[in-house]
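Fold and geometry: a report
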Amino acid sequence: MALDLSTLIKSAALAAGFDLAGIASVHEFPDLARFPEWIAAGRAGEMKYLESRDEAGNLRRASLKSPFPWARSVIVCAVNYNTDHPYSTNVNKPGHGWISRYAWSREDYHESVLRRLREVETKLKEFCAEDPSGDPIETRAYVDTGPVVERVYAKYAGVGWLGKNTCVINQQIGSWIFLGVIVTSLELSPDLPAPDRCGTCTRCIDACPTNAIVAPYELDSNKCISYLTIEKRGPISEELREGIGQQVFGCDICQDVCPWNRKAPATDKPEFQPREGLVNPALAWLAEISAEEFREKFRGSPIKRAKHSGLRRNALIAIGNSGAQSLLPVVERASQDPEPVVAEASQWAKNRLDKTATPNRNSVD
Ligand code: SF4
Ligand code: SF4
């Protein structure tokens, strides 16, 4: 029996190296209707790109109708990026910080996911070319950058449910996944939405150090360490700094504690293996990294997004939180830094180290 087009496309996605693939019809899902409310409540912080609007003033991400009136289906593909390394909640190495797991990879995930999506797109066009009655088809492939709320389409394509921590969680492989989507004019057979399996669990909400999950399924980016350490420019609110702990780029805590990640498989894909020094990195290194080394080390890495001064700011806050008195000389050197955001973070770190010092100033590390 001939396989239908939807099955062929999903098989092509798996052949291209994706671990999961599903299809959702284009629809005004209730989850999408909540997006404008979330933006209006100021939950997106300074991420203005999420607020881009069409000529009629509608949020471009809230509906596919305006950017792509021809769109009928969204193919959602996901690839596991988890590697065989401990979770941040199981590591406590004094003088070291934490970079979010997704940012360790050797190749920028946008590129590795997009490369796979292009393979699927090519296959899809080949399959359709075999159909003599086939009309020309439209496709657009995106990894994070398109006017699509990928997480919502992932849910309706059966790839995973939206957890209370707002991540897409797959029952088999957990939430360490990168998503990529292909919006198409083809009417494909949709999959069933993934059922919510959070149940009565509240581990992510309880573990979040800055109370950024303000209600189940609702994140306030303004308080989220991922936003603060990656997107936020300038100084970070003082009341949130202690909660940042030793996170220097992103935060994995609400995923580390999720029971669905307890048995998450590790990928052997070479491009997702960590670059040297990024798993539990030395804080002194990051606080003092030169602009040139930053450029070299993080070429093609999501870490570039924090900018040189932002990453140093984060490392100094983490040093302040670490209690590592031996890092005081690093903090003192940074207090003379010409970048105001770095000098200010170093002053805060110094005050915090002074407060947490034991009376005889024994080094804790
Ligand atoms: S990423 Fe960290 S700060 Fe953000 S919601 Fe999760 S635990 Fe909270
Ligand atoms: S920690 Fe619990 S509540 Fe949070 S996303 Fe995971 S299963 Fe859902």
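Residues numbered from 1 in each chain as written. Chains lettered and ligands numbered in written order. Predicted model: local features only at pLDDT ≥ 70, side-chain atom pairs only at ≥ 80, totals over all residues. Heavy atoms only, no water.

Here the focus is the overall build of the protein chain. Within the protein chain one finds 13 helices and 10 strands. Counting only C-alpha atoms and orienting by the principal axes, one finds that the protein chain spans roughly 80 × 45 × 45 Å. Counting only residues that meet the buried cut, the protein chain has 55% of its 365 residues in that class. Summarising the internal contacts of the protein chain: among those between residues at least 6 apart in sequence, 76% fall at separations of at least 24. For the protein chain, the accessible area works out to roughly 16,700 Å², and carbon and sulfur atoms hold 51% of it. Mean positive and mean negative side-chain charge positions of the protein chain (44 and 47 charges, respectively) differ by 3 Å. (Helix = DSSP H or I, 4+ residues; strand = E, 2+ residues; numbered from the N terminus. Buried < 20%, exposed > 50% of the residue type's maximum accessible area, 1.4 Å probe, protein only. Contact = heavy atoms within 4.5 Å. Areas by Shrake-Rupley, 256 points an atom, 1.4 Å probe, with all protein chains shown as cover. Lys, Arg positive; Asp, Glu negative; His and termini not counted. Charge placed at Lys NZ, Arg CZ, Asp CG, Glu CD.)

Once that is clear, we can look at the sheet that holds strand E7 (residues 177–184). Taken in spatial order, the four strands of this open sheet run E1-E2-E7-E4, and their pairing is antiparallel. The open sheet is flanked by strand E1 (20–25) and strand E4 (139–142), the only strands paired with a single partner. Adjacent strand axes in the sheet meet at a mean angle of 20°, parallel and antiparallel pairs treated alike. When E1 meets strand E2 (residues 73–80), the two strands line up antiparallel, connected through six bridges. When the sheet's bridge partners are listed, Leu20 is paired in E2 with Ala78. Here helix H1 (residues 5–15) sits on the sheet in contact with E1 and E2, set at roughly 145° to E1. (Pairing = 2+ DSSP bridges. Axes fitted to C-alpha atoms, helices over the stretch in contact; angles between N-to-C directions.)

What follows concerns the nonpolar core. The nonpolar side chains of a soluble globular protein tend to be buried, and buried together. One finds Val76, Tyr153, Val159, Phe249 and Ile319 to be the most contacted residues of the largest nonpolar core, which totals 112 residues. If you tally residues by element for this core, the top one is helix H3 (residues 109–129), at seven residues. If sequence neighbours within four positions are ignored, Ile319 has contacts with Leu283, Ala287, Ala324, Leu327, Val330, Val331 and Leu353. (Core = buried A, V, L, I, M, F, W, Y, C linked by side-chain atoms within 4.5 Å.)

Once that is clear, we can look at the environment of Ser322. With respect to the helices, strands and loops of the structure, Ser322 is situated in helix H11 (residues 308–322). Measuring from C-alpha to C-alpha, the distance between Ser322 and Arg262 comes to 27 Å, with 60 residues separating the pair along the chain.

Residue placement: Glu121 occurs in helix H3. Here the side chain of Glu121 touches Arg118 through a polar contact of 3.1 Å, side chain to side chain. In contact with Glu121, not counting residues within four places along its chain, are Thr139, Arg140, Ala141 and Ile182. (Polar contact = N/O pair within 3.5 Å; in protein donor to acceptor, adjacent residues only side chain to side chain.)

By secondary structure assignment, the location of Ser226 is in helix H6 (residues 225–230). Between the alpha carbons of Ser226 and Asp252 there is a distance of 8.4 Å; along the sequence they are 26 residues apart. When sequence neighbours within four positions are dropped, the list of residues in contact with Ser226 reads Glu231, Gly250 and Cys251. Among the polar contacts listed, one links the side chain of Ser226 to the backbone nitrogen of Cys251, at a separation of 3.3 Å.

Next up on the list: the pairing of E7. A regular strand carries its side chains on alternate faces of the sheet. Within E7, eight of the eight residues are buried, which leaves the element mostly enclosed by the surrounding structure. Residues Ile177, Leu179, Val181 and Val183 line one face of E7 and the alternating positions Phe178, Gly180, Ile182 and Thr184 line the opposite face, and both faces are buried. Of the pairings in the sheet, the one linking E2 to E7 comprises eight bridges and is antiparallel in character. Looking at E7, one finds that Ala78 is bridged to Leu179. Alignment of E4 against E7, held across four bridges, turns out to be antiparallel. Residue pairing in the sheet places Ala141 in a bridge with Ile182 of E7.

On to the site of ligand 1. In the vicinity of ligand 1, the residues found are Cys208, Pro209, Thr210, Ala212, Ile213, Leu219, Cys224, Ile225, Ser226, Cys251, Ile253 and Cys254. Of all the elements in the fold, those that place two or more residues in the shell around ligand 1 are H6 and helix H8 (253–256). The residue inventory of the shell around ligand 1, partitioned by class, reads 10 nonpolar, two polar and no charged. (Near = heavy atom within 4 Å. Nonpolar A, V, L, I, M, F, W, Y, C, P; charged D, E, K, R; others polar.)

This paragraph deals with the pattern of salt bridges. Enumeration over the complete set of coordinates arrives at 17 salt bridges. Here Arg241 and Glu344 are joined by a salt bridge, their closest N and O atoms 3.0 Å apart. Placement of the pair is Arg241 in helix H7 (residues 238–244) and Glu344 in helix H13 (residues 340–356), with a sequence separation of 103 residues. Arg241 sits in the buried class, given a relative accessible area of 2%. The exposure class of Glu344 is partly exposed, given its relative accessible area of 27%. Between Arg312 and Asp337 there is a salt bridge, and its shortest N-O distance comes to 2.9 Å. With a gap of 25 residues between them, Arg312 in helix H11 and Asp337 in the loop between helix H12 (328–334) and H13 connect regions that are remote in the sequence. Like Asp337, Arg312 is buried. (Salt bridge = Lys/Arg side-chain N within 4 Å of Asp/Glu carboxyl O.)

Turning our attention to the site of ligand 2. All residues in the neighbourhood of ligand 2 are listed as Gly163, Lys164, Asn165, Ile169, Cys198, Cys201, Arg203, Cys204, Cys258, Pro259 and Trp260. Split into classes, the residues belonging to the shell around ligand 2 amount to seven nonpolar, two polar and two charged.

On to the confidence of the model for the protein chain. Here the protein chain shows a mean pLDDT of 92. Residues at 70 or above account for 96%. In this model residues 361–365 is a low-confidence stretch, pLDDT under 50, and it forms 13 contacts with partners more than four residues away in sequence or in other chains. (pLDDT = per-residue confidence, 0-100.)

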